[in-house]
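One letter stands for each residue in the lines below.
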Amino acid sequence: MYIMSVVYNRKVELYEMSWVLRDGLRDSLVAAAPYGGPIAVMKESQCLSPSVRPQLDIYTASGVTMATFPWKSGPVVQLGWSVSEELLCVQQDGTVLIYDLTGAFLRHFSMGQEVVQSHVSEAKIFHSPYGTGVAIVTGSSRFTLATNIDDLKLRRLPEVPGLQGAPSCWAVLNQDRQTKVLLANGPELYLLDNTCCTSVVLPGGSPLDGVFVHIAVSFSYKYLALFTDTGHLWTGLANLQDKLSEVDTKIRSPPKQMVWYVVTCRPVCLPTCLSVHLPVCLPTCLYPLDEACVCVGELDGVRLLSPSRHELLQEVPLVCEDIFKIASMGPGALLLEAHKEYQKSSQKADEYLREIKEQGMLGDAVRQCVEAAGHEQHTHTQKALLRAASFGKCFLTNLSPEAFVSVCRDLRVLNAVRDPSIGIPLTHTQLYPLAIEVCVCVCRLVYRRLYPLAIEVCRYLKTPEYQGVSRILRHWACSKVQQKGESDEVMVRCISGRLADSPGISYSHIASKAYDSGRTELAIKLLDYEARSGEQVPLLLKMRRSQLALSKAIESGDTDLVYTVVSYVKNEMNRGDFFMTLRNQPVALSLYRQFCKLQEQETLKDLYNQDDDHQELANYYVSASYREKVQANCYVSASYREKVQANYYVSASYREKVQANYYVSASYRERYWWLKLKSLAEKEEWEELEKFSKSKKSPVGYLPFVEVCMKKSNKYEAKKYVTKVTPEQRVRAHLTIEDVEGAADAAIERRSEAEIGTVISHCSSSSSSSQRLLLDKLQRALTTANRK
Amino acid sequence: MAAHLTNGRVNLNILREAARKELREFLDKCAGSKAIVWDEYLTGPFGLIAQYSLLKEHEVEKMFTLKGGRLPPADVKNIIFFVRPRLELMDIIAENVFSDKSNSRDYHILFVPRRSMLCEQRLKEQGVLGSFTNIDEYILDLIPYDGDLLSMESEGAFRECYLENDQTTLYHTAKGLMTLQALYGTIPQIYGKGDCARHVANMMLRMKREFAGSQNQILPVFDTLLLLDRNVDLLTPLATQLTYEGLIDEIYGITNGYVKLPPEKFAQKKQGEGSKDLPTEPKKLQLNSAEELYAEIRDKNFNAVGAALSKKAKIISAAFEERHNAKTVGEIKQFVSQLPHMQAARSSLANHTSIAELIKDLTSKRSVQEHRNAFEADGFVFCPVASEAFFDNLTVEQEFMTGVDTDKVNTYIEDCISQKDPLIKVLRLMCMQSVCNNGLKQKVLDFYKREILQTYGYEHMLTLNNLEKTGLLKLQTNSRNNYPTIRKTLKLWMEDANEQTPNDISYVYSGYAPLSVRLTQVLARPGWRSIEEVLKMLPGPHFEERQQLPAGLHKKRQQGENRTTLVFFLGGVTYAEITALRFLSQMEDSGMEYIIATTKLINGSSWIKSLMDHPETQIP
C-alpha cells in the first residue's frame, strides 16, 4: 500500500440522476449491472408493512425510468442482472423470477424444493465464463449453486461443519473452471466446492485477529480481499496461495460494502482495495461522500451511485496522467500545449513542437493524445486531445492513422450511448474486453428497444448487414409480433416493408415467435416471406398446416423434405383425403409412387385405381404376374431341376420349333425361317438345313444360310448356298466364306465401284502371287467401272 | 496422386481436397479403430476421392460390403456405415446392428450425399436409431473425374428425372453447384435449355437467396454456366461414338474411370514359356489424363489412332536408341534418369496398342485371312460377322441421322429382331429412328413393338412403355417432322468430316455433330438469339439468368484471355460429347474453354439399360 502514493485517482461525474427517489437508496435493494448497465431498485420487504406491496423500478444508469411496476410475488432477497441484461429477482422461497429491461416477465425457476421451507437467507448473482449464475445460502446454512441460468443445473454444496445460521460473510470464486464458495464463520474460513468443504488458512503471516465481516472478489476473479471487525484488511490472490498485503485500516465500524478497485493501466497490476463506508475509504486517501451511496465494481474502476448523482471513481490512466499532470513535460502534454498556442496564433506553438521533435517524440505525443482522448469522458477534452493529435500528425509522414481513426470511431459510439437519454456509461477500457465489442454494444441498445440508434451504430461502424442491421430488425420484428392490437395484415405489411431488403432475415424465427404468442394466422403470413423452405416446413407442420407445408416442401426441391411431409400427412389424414392431397401435387405423388414401388406395392395399385391410370395399372399387373411366375418357377425348379436339366437341350430347340410353328402365318414367315435355320445350324443338322432351303423360296434370302453355316465354321455347307444368294449380296456371301476370288468375280460382274473397293481392301494385306494377280484384275475393273 | 485434376484451366483439385478434408474430419470424429461397411454402389465414386491409404491413415482396419444378416467379425471399436439414403438399406443396417452382440462398439452412419429424415425415421421405427453415436452426412455431389470433367456418378439420374419425375438428383445438382460456387466464386451468367435445367436454375437462385448475406468474396473462375437437359438432345447418346475413348466405353464400358478388358491381349509374352497360362482375371486399367499418351489419343477419331500410336512408337524407340549416343558418364546419368518415364511411356504404349487392336478386331473390316489367323492363334470364337455387324449398324445409324427412309420399317432393325440380336442394340436403333423422324407412324411403331414383344418376351412391355414416357420412342403426331430443319440449321451432318485432322466437332461421330455441343457452340458465338426457331422446336424452355456479383469481383479480362464455361448435362453425357467440347476449347479462335459436369457418364447402351424394367428381378 505504500507504493500507492504515486497513483492518482479521479472521480468523474457521469450523470446527474434524473430519478426521483423518495427515501434515497437507504433500505432498498439496489442492483446495478456491470458495464454501465441498468439499475433496479426495490424497497426491502422487511422495512415495509406486510400489506404494502413494494415497487420495483428499473432505471438506466442515468436514472431514466425504463419500467416500474408493483411487486406482486413473495418477498425478494436479492436483485441482480444477467449478462444479457435480464433482471433476476431471488425470492425468499428460492424462486428466481426473470424480467427483461422493460419489466416484462420472461420465466422463472426454483433453487430447489428444500429452500421453500428453509428460506433463502442470502443470495448472490455472479458472472462466470459460462454465463450468469446464482448462489444462495439457506436458513439451514446450506449453499446451492446454479452456474448458468440459461442451462440450469442446481448443485447443492456439502454442509459446512459447525455453521449455525448464516455465515458472517461469503463470496463466489471461479477457480480452475470450477465455481466455489468461500465463506467465513466468525474467524474461520472455509472453501466449498462440489464435493467437499475445506478449512482455509490465509497464507502469509499470522492469522488476523477478529471476525471476518467482508469478503470481496475482484471483477476478474483474480484478487480477493477480506476485512475483519478489527479493521484489518487482507488482500491476496483469489487462489488463496499468495498474499499481497495486510493493512490495519483503523476503521472499527464495519463498512457497509466492500468492492475491488483494480488498477489496470499500470504495467504491473496492483490491486487496491476500496472499502466503502461513510465516507469512502482508500488506504491512502479518503473520499468524503455527502450521501449514502452504492458502489458498483467495474473493470477499471468503481461506480458510485447516489440518489443525486452517478460518478465514476477511477485511477487516472497513465497517459492522461502524463498529459494532464501539473507541470508535466510529457510529449503529449507538450503537443496539447502546442496546439493550444497554435489556435491562439502564437509562435510558442512552434517552440513546443520543436521541443518535442528534438526529442524525437512526436509520434509518441500523437499516440498519447489519441489514447488519452479515449479515456476522457467529456467531449470537449476529447476534442481538444484529438485536435492536438491531428495537429501533431501533420508533421509526421509515416504514422499509421489506424489508432486515430478507431479511437474517433469508438468515441463517437461511446458518446452516443453515454448520452443521458440512453444512459450506458461505458468506458473505452470496458469496450474491448467485450470481445466483439460492437455487437454487445448494439445488443444492449436492442435490449432497450432503441432500434433506430442501434441501426445507426451498425451503419456507422459498417458492420456487415447480415450481422448487424438484419439482427436488429429481426429482434424488432420479434417484439413487434408479440404486441397485441394490430391486425395481421397491418403487422405483416409493416414487418415485410421494413425487412424487405435485409439479407439473412429468418422469417421463420419471427413466425415461431408469433405462433408462440398465439397468432397462427400471422405466423403463416410471415412464413411466406421465409426464403429457406427447410425452415418453413417444420413450423407449418407444427401448426398443422400440412397442405401448405407440402407445397412449400415441393417448392424447395428438397425431396427428402417432401417425403417427410408426405409421411406426416399420411399418418394424419384418412386414405381418401391423403390421395386427393397427393393428386393436387404431382411431384409429391410421383415421389410417393416411388416409395410405394419399393415399400408398398398394394398401395400403388390403389393409387393407380383412383387416378384411373389404366396404362400404369396394366404395367403393375404385368410386373406383378411376372413376379408370381418367377416365384412359381422357383418351386418348380426346386423339385424338377434334374429333369429340366436332362431335357434342356431337347427343350431348347423344341421350344423354338413350337414357337416357330405357332407363328407360322404370312406375317411371321420371315421369323419362322430365321428361327428354323438358326436352330438347325445350331444342332448341325446340315441335311435338314439343305432340305429346308429347298422346301420353298426363302423369304429372308440365302445369305443367312451362308452366315449360319460359317458361324459353325462349316465352309463346305456354306458354299452350297452361295450360288443361291441374290446378286446384290453375292460379293458379301463370297467374302463370308473367305472366297476372295469368287467375290472378285462377282464384284467385277456387277461393275460396282464400292464392291470392288471392298474386295480390294480384303485382299490387299496378302502378298501371294495369285492374290497379286487378282489385285491387278480388280484394279483394272475398277478403272473401267470408273470410266463408266 | 491427383495431378490430372490440376492440369486443366480450372484447378479441380480444390474440390477434391475439400471433399477429402471433410472425409478425414468425419473419420477423426470416431475415435479408435474402425471398420467401414460400404453400400457397394458408393465404392466406385469414393475411389475418385480417396484411396484406401487415406482411410488406413485414419485407423480404418476393415472394409465390408453392406448385406443382410450378421456383420463379419472384426475387432474394431467403431462400425461406420457409408450408405445412400435409401429405405431398403436402412432395413439391412438395422438387421446388422441387431445381430451384432458385442456391446462395446460404437455405430455411425454417414449418409452420402445427404442425410434424410425419412431414413432416420425408418431407423427409429426399427428401434436402432439410438444405437448410433454419429449420424452425419457427407456431401459428395460433384466428383472431380478429370482435369475438365465433373460427374455426380448418379446412375439413375435420367430415369429419375424424366421417367419417374423424381427431382432428388436435380436438388443434389443444385446443391453441388452451390458448393462449386462457394469454392470457385459465383457464376455470373446462367443459361439453360429444358425443364430440368429451369428447375435447377430456380433452385440455385433460391438457395442463393437463402444464403443471402454470406456472400463469398472469391473471384469467379467460371464466367458462364450452361445447363442442358439430356432430353433436349436424345439423339447423340444413341449414336455409336467413334472416338477412341468413346469406343472403349461403347465396347467395354468405363466405370468410375476404370475399364475392364479381356486379359488375353495383355499376357506378358516371355520367351520359351509359350502362352500356356493365360490370365483369367480381366485386366483393369485406369483411364484419365494423368497418362500422357492416353490424354493425347483419347479424343482422336478411332481411324486416326493407329497413325498416332505408330508415331509414338517411333519416338519412344528413338528415345531408347539415345543410349548408344550416350558417351560420357553425365550423358548416361541423364539417360538413366529419364528411364522410368520412358518405361512408363512404353508400357502405356503397349497397353493402348493392345486396346486399339481389340477394338479394331470388332469394328473394322479385315481380310478373311486375318480372321482365320486370329481364330487359330488365340482360340477366339470365330466370328466373321462381328465387324460386318458393326459396320452395318453404323450405316443404318448414319442413314437415320441424314434422314434417309426414317418413316418406314427399317429392314436392318427387322433382321436384327429376327435374329434375336441383343435387345439393347435393337432398342437403340429403333429409338434413333423415332428421334430422327420426330416420332414413328402408328403402323411402324406397332410393328416394331409387336416384333419385339413376340421375340424377346412380353416382359419388355414395361421397357417399351418407359421409352415412350421419356420421349425416346414416340408416336408421330400430326405435326410435321422438324428434325431435318434442326439438322440443317445447326449443321448436324457434315458430309466431309475430316477424321485425321479435324476442323469441326462432327469428327467425333464421323459426320454427325452432336446437337448438344452445337447448342453450346452457338451460345458462345453468335448467341442463341440466332437460332430462336430451332430452340422452340426442342423441348423445354430456354432461359438466361444473371447472378449479381459483389462489387469489386468483376473480372478485368486481359486481351485474348479465354472465357470459361461450365456445361452441365442433366441426365448424362457421352465421352464423344466431352471430346467435342474439348475440341472447341482447343480451337484457336473459339475464345472459350469448357469444363464439363454431368450427373453420369453414359453411352447409348448403358443409357437404354437404365430405362429397362426387369419385372422378374424386382424386389417385391
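Nothing here was measured: the structure is a model prediction, and the numbers come from that model. (Residues numbered from 1 in each chain as written. Chains lettered and ligands numbered in written order. Predicted model: local features only at pLDDT ≥ 70, side-chain atom pairs only at ≥ 80, totals over all residues. Heavy atoms only, no water.)

Undergrad: Can you tell me about the overall build of chain A, naming the residues and giving the values?
TA: Helix and strand content of chain A: 29 helices and 28 strands. In chain A, which comprises 788 residues, the proportion classed as buried is 51%. Put simply, of all contacts in chain A between residues at least 6 apart along the chain, 50% involve residues at least 24 apart. With an accessible surface of roughly 38,000 Å², chain A has 52% of that area assigned to carbon and sulfur atoms. (Helix = DSSP H or I, 4+ residues; strand = E, 2+ residues; numbered from the N terminus. Buried < 20%, exposed > 50% of the residue type's maximum accessible area, 1.4 Å probe, protein only. Contact = heavy atoms within 4.5 Å. Areas by Shrake-Rupley, 256 points an atom, 1.4 Å probe, with all protein chains shown as cover.)

Undergrad: How would you summarise the confidence of the model for chain B if you had to cite specific residues and measurements?
TA: Residues and elements named next belong to chain B. Overall, the predicted model of chain B reaches an average pLDDT of 84, with 90% of residues at or above 70. The model gives residues 270–275 a pLDDT under 50, and that stretch makes 0 contacts with residues more than four places away or in other chains. For the stretch residues 366–385, pLDDT sits under 50, and the model shows 23 contacts to residues farther than four places along the chain or on other chains. Reported for the predicted complex are a pTM of 0.71 and an ipTM of 0.81. (pLDDT = per-residue confidence, 0-100.)

Undergrad: Give a description of the domain arrangement of chain B that names residues and reports values.
TA: All names here are of chain B. We note that the domain assignment places domain 1 (3–140), domain 2 (146–239 + 495–554 + 561–607), domain 3 (253–363) and domain 4 (385–480) within chain B. The distance between the C-alpha centroids of domain 1 and domain 2 comes to 31 Å. The interface of domain 1 with domain 2 comprises 16 residues on the first partner and 22 residues on the second. Of the roughly 1,600 Å² buried between domain 1 and domain 2, counting both surfaces, carbon and sulfur atoms make up 64%. Remark: the boundary between domain 1 and domain 2 carries 0 salt bridges. Summed over the shared surface of domain 1 and domain 2, the result is 4 residue pairs in polar contact (both at pLDDT 80 or more). Only helix 1 (3–6), helix 2 (13–29) and helix 3 (40–47) provide two or more residues apiece to the side of domain 1 that touches domain 2. Take the side of domain 1 that touches domain 2: its biggest share by element is 4 residues, from helix 2. Counted by class, the side of domain 1 that touches domain 2 contains 9 nonpolar, 4 polar and 3 charged residues. (Domains from an automatic or database assignment. Buried area = accessible area lost by both parts, 1.4 Å probe. Salt bridge = Lys/Arg side-chain N within 4 Å of Asp/Glu carboxyl O. Polar contact = N/O pair within 3.5 Å; in protein donor to acceptor, adjacent residues only side chain to side chain. Nonpolar A, V, L, I, M, F, W, Y, C, P; charged D, E, K, R; others polar.)

Undergrad: Outline the side chain of His734 of chain A, listing residues and values.
TA: Residue and element names in this part refer to chain A. For His734, the location among the structural elements is in helix 26 (residues 727–736). For His734, a relative accessible area of 14% puts it in the buried group. With sequence-adjacent residues up to four places away left out, His734 is seen in contact with Val722, Asp739, Gly742, Ala743 and Ala746.

Undergrad: So what's going on with a negative patch on the surface? Which residues, and what values?
TA: Taken together, the side chains of Asp28, Glu59, Glu61 and Asp75 of chain B present a region of like negative charge at the surface. Position of Asp28 of chain B among the secondary structure elements: in helix 2. (Patch = residues over 30% accessible without salt bridge, like charges linked within 9 Å, V, L, I, M, F, W, Y side chains within 5 Å. Lys, Arg positive; Asp, Glu negative; His and termini not counted. Charge placed at Lys NZ, Arg CZ, Asp CG, Glu CD.)

Undergrad: Give me the lowdown on the sheet that holds strand 5 (residues 65–70) of chain A, citing residues and values where you can.
TA: All names here are of chain A. One open sheet accounts for 4 strands, arranged 2-3-4-5; its pairing is antiparallel. The two strands at the open ends of the sheet, each matched to only one other strand, are strand 2 (28–32) and strand 5. Neighbour to neighbour, the strand axes of the sheet diverge by 10 degrees on average, direction disregarded. One ladder, built from 5 bridges, connects strand 4 (residues 55–59) with strand 5; its direction is antiparallel. Within strand 5, the residue paired with Leu56 across the bridge is Phe69. (Pairing = 2+ DSSP bridges. Axes fitted to C-alpha atoms, helices over the stretch in contact; angles between N-to-C directions.)

Undergrad: With reference to specific residues and values, describe the packing of helix 8 (residues 168–184) of chain B against helix 9 (residues 195–210) of chain B.
TA: When two helices pack together, you describe them by how their axes are tilted relative to each other and by the distance separating the axes. Residue and element names in this part refer to chain B. Remark: helix 8 packs on helix 9, axes separated minimally by 9 Å, with the N-to-C direction vectors making an angle of 50 degrees. Viewed along their axes, helix 8 and helix 9 adopt a mutual orientation that is oblique. Pair helix 8 / helix 9 crosses with right-handed handedness. Note on element contacts: helix 9 touches helix 8 through Cys196, His199, Val200, Met203, Met204, Met207 and Lys208, opposite Leu170, Tyr171, Thr173, Ala174, Lys175, Leu177, Met178 and Gln181. Residue composition of the contact of helix 8 with helix 9, by class: 10 nonpolar, 3 polar and 2 charged. (Parallel < 35°, antiparallel > 145°, perpendicular 65-115°, else oblique. Left-handed = near helix turned anticlockwise from the far one by under 90°.)

Undergrad: Which residues make up unusual backbone geometry, and what values go with them?
TA: Residues and elements named next belong to chain B. In this structure, the amide linkage connecting Val112 to the following residue, Pro113, adopts the cis form with an omega of 0 degrees. Among the secondary structure elements, Pro113 is positioned in the loop between strand 4 (106–111) and helix 6 (117–125). Arg525 connects to Pro526 through a cis peptide bond whose omega is 5 degrees. One can find Pro526 in the loop between helix 22 (515–524) and helix 23 (532–537). The residue Glu153 is not glycine, and still its phi comes out positive at about 50 degrees. Here Glu153 is to be found in the loop between strand 7 (149–151) and helix 7 (157–163). Of the residues examined, Glu153 reaches a relative accessible area of 3% and is grouped as buried.

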